[in-house]
Amino acid sequence: MNFILRLLLTALAVVILAKLLPGVSVDGYLTAIIVAIVLALLNFIVKPILVLLTLPVTVLTLGLFLLVINAIIIFLADGFVSGFDVDGWFIAIIFSLLLSLIQSILFSILKSD
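What counts as what
- Residues numbered from 1 in each chain as written.
- Predicted model: local features only at pLDDT ≥ 70, side-chain atom pairs only at ≥ 80, totals over all residues.
- Heavy atoms only, no water.
- Helix = DSSP H or I, 4+ residues; strand = E, 2+ residues; numbered from the N terminus.
- Contact = heavy atoms within 4.5 Å.
- Core = buried A, V, L, I, M, F, W, Y, C linked by side-chain atoms within 4.5 Å.
- Buried < 20%, exposed > 50% of the residue type's maximum accessible area, 1.4 Å probe, protein only.
- Phe/Tyr/Trp six-rings, centres within 6.5 Å; stacked < 30°, edge-to-face > 60°.
- Lys NZ or Arg CZ within 6 Å of the ring centre and 35° of its normal.
- Expected span 1.5 Å × (residues − 1).
- Bend = angle between axes of the 7 residues up to and from the residue.

1. Here we look at the environment of V86
Now for step 1: Considering the arrangement of structural elements, one finds V86 in strand β2 (residues 84-86).
Now for step 2: The contact partners of V86, leaving out residues within four places of it in the chain, are G23, V24, I74, F75, D78, I91 and A92.

2. Quick word on the nonpolar core
Now for step 1: If you look at the biggest cluster of nonpolar residues, it comprises 32 residues, and the most contacted ones within it are V14, V24, F84 and F95.
Now for step 2: For this core, the secondary structure elements donating two or more residues are α1 (2-20), β1 (24-26), α2 (29-53), α4 (65-80), β2 and α5 (89-111).
Now for step 3: Among all residues touching V14, those that are not within four sequence positions of it are V26, A32, V35, F84, F95 and L99.

3. Some details on the packing of aromatic side chains
Now for step 1: Enumeration over the complete set of coordinates arrives at two aromatic pairs.
Now for step 2: Taking 4.9 Å as the distance between ring centres and 70 degrees as the angle between the ring planes, the aromatic pair formed by F75 and W89 counts as edge-to-face. Of this pair, F75 sits in helix α4 while W89 sits in helix α5, and the two are 14 residues apart along the sequence.
Now for step 3: Classification of W89 by relative accessible area gives partly exposed; the value is 46%.
Now for step 4: Ring geometry for F84 and F95: centres 5.8 Å apart, planes at 50 degrees, overall tilted. Note that F84 is positioned in strand β2 and F95 in helix α5, a separation of 11 residues in sequence.
Now for step 5: Over the aromatic face of F107 sits the side chain of R6, whose NZ or CZ is 4.0 Å from the ring centroid.

4. Some words on α2
Now for step 1: In a regular helix each residue adds 1.5 Å, so 25 residues correspond to 36 Å; α2 covers 34 Å between its end C-alpha atoms and thus fits that length.
Now for step 2: Its axis deflected by about 40 degrees at V46, α2 carries its strongest bend there, up to four residues before the proline P48.
Now for step 3: T31, A32, V35, A36, V38, L39 and L42 are the residues of α2 that are buried.
Now for step 4: Along its buried surface, α2 packs onto α1, β1, α4, β2 and α5.

The following block contains the structure:
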């Protein structure tokens, strides 16, 4: 039950960011839910592999390369979901940063209940 609620909160965050950021578009609420599911799967499967493969670069940049990895995850979700569009690397990095911030706020509210 908690996982489904977290997916719905992530979908809400995707919709909010699509309205705020000029380079991000989502066709509808169902598409946002699909984006949340795809992001969860990519963060579970692909992100650990990318972090492991790019560990020397990540250590060399003091962890800032993780922003690029998050942008890659966003672009992969853009490629998998047809109603979700992100225009450019800078927007993908800003989207991933704001998505993480909104998720942490919403999940902390969820955890306090």
